[in-house]
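Here's the letter readout for the chains.
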Amino acid sequence: MAIVESDKVEIEIQEQTQDAGCKYMVLVSFEGPNKSKEIAKVLLTNNKPHIRQTIDNGNIVNEQNN
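Below is a short write-up of the structure. On a predicted model such as this, the values are computed, not experimentally measured, just so you know.

It is worth spelling out the pairing of strand β2 (residues 24–31) at this point. Burial analysis of β2 places 7 of its 8 residues in the buried class, the great majority of the element. With 7 bridges joining them, strand β1 (residues 9–15) and β2 adopt antiparallel strand pairing. Directly across from Q14, in β2, lies its bridge partner M25. Hairpin remark: β2 followed by strand β3 (residues 37–45), antiparallel, with 5 residues in the connecting loop; positive phi at K35, about 65 degrees.

A word on the pattern of salt bridges. One pass over the full model with this rule turns up 4 salt bridges. A salt bridge links E63 to R52, with the shortest nitrogen-to-oxygen separation between them at 2.6 Å. A residue pair is termed long-range when its members are at least 10 positions apart, and E63 in strand β5 (residues 61–63) and R52 in the loop between β3 and β4 (54–56) qualify at 11 residues. Ionic contacts of the salt-bridge type, sharing partners, join the residues K8, E31 and K35 into one network.

On the secondary structure map, N62 appears in strand β5. Classification of N62 by relative accessible area gives partly exposed; the value is 30%.

So, about a nonpolar patch on the surface. The grouping of V9, I11, I13 and I51 at the surface amounts to a nonpolar patch, some 410 Å² of accessible area in total. Its place among the elements puts V9 in strand β1. A relative accessible area of 61% places V9 in the exposed class.

Calculation notes
- Residues numbered from 1 in each chain as written.
- Predicted model: local features only at pLDDT ≥ 70, side-chain atom pairs only at ≥ 80, totals over all residues.
- Heavy atoms only, no water.
- Buried < 20%, exposed > 50% of the residue type's maximum accessible area, 1.4 Å probe, protein only.
- Helix = DSSP H or I, 4+ residues; strand = E, 2+ residues; numbered from the N terminus.
- Pairing = 2+ DSSP bridges.
- Salt bridge = Lys/Arg side-chain N within 4 Å of Asp/Glu carboxyl O.
- Patch = residues over 30% accessible without salt bridge, like charges linked within 9 Å, V, L, I, M, F, W, Y side chains within 5 Å.
- Areas by Shrake-Rupley, 256 points an atom, 1.4 Å probe, with all protein chains shown as cover.

What follows is the structure in structure tokens.
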């Protein structure tokens, strides 16, 4: 697994048309060294993606409620 540090990170969840292979596409991208958009991962699923946001308090990681 690659660890990438970037100033800009984007996570896009796209609901696909009925003709697509899967119902959802999740695209994870980041800003590369030349300000270019780099795709880190493309994930396909038929189940609705779950968004989970946590916060690290130093010795414990808690769910963050928005």
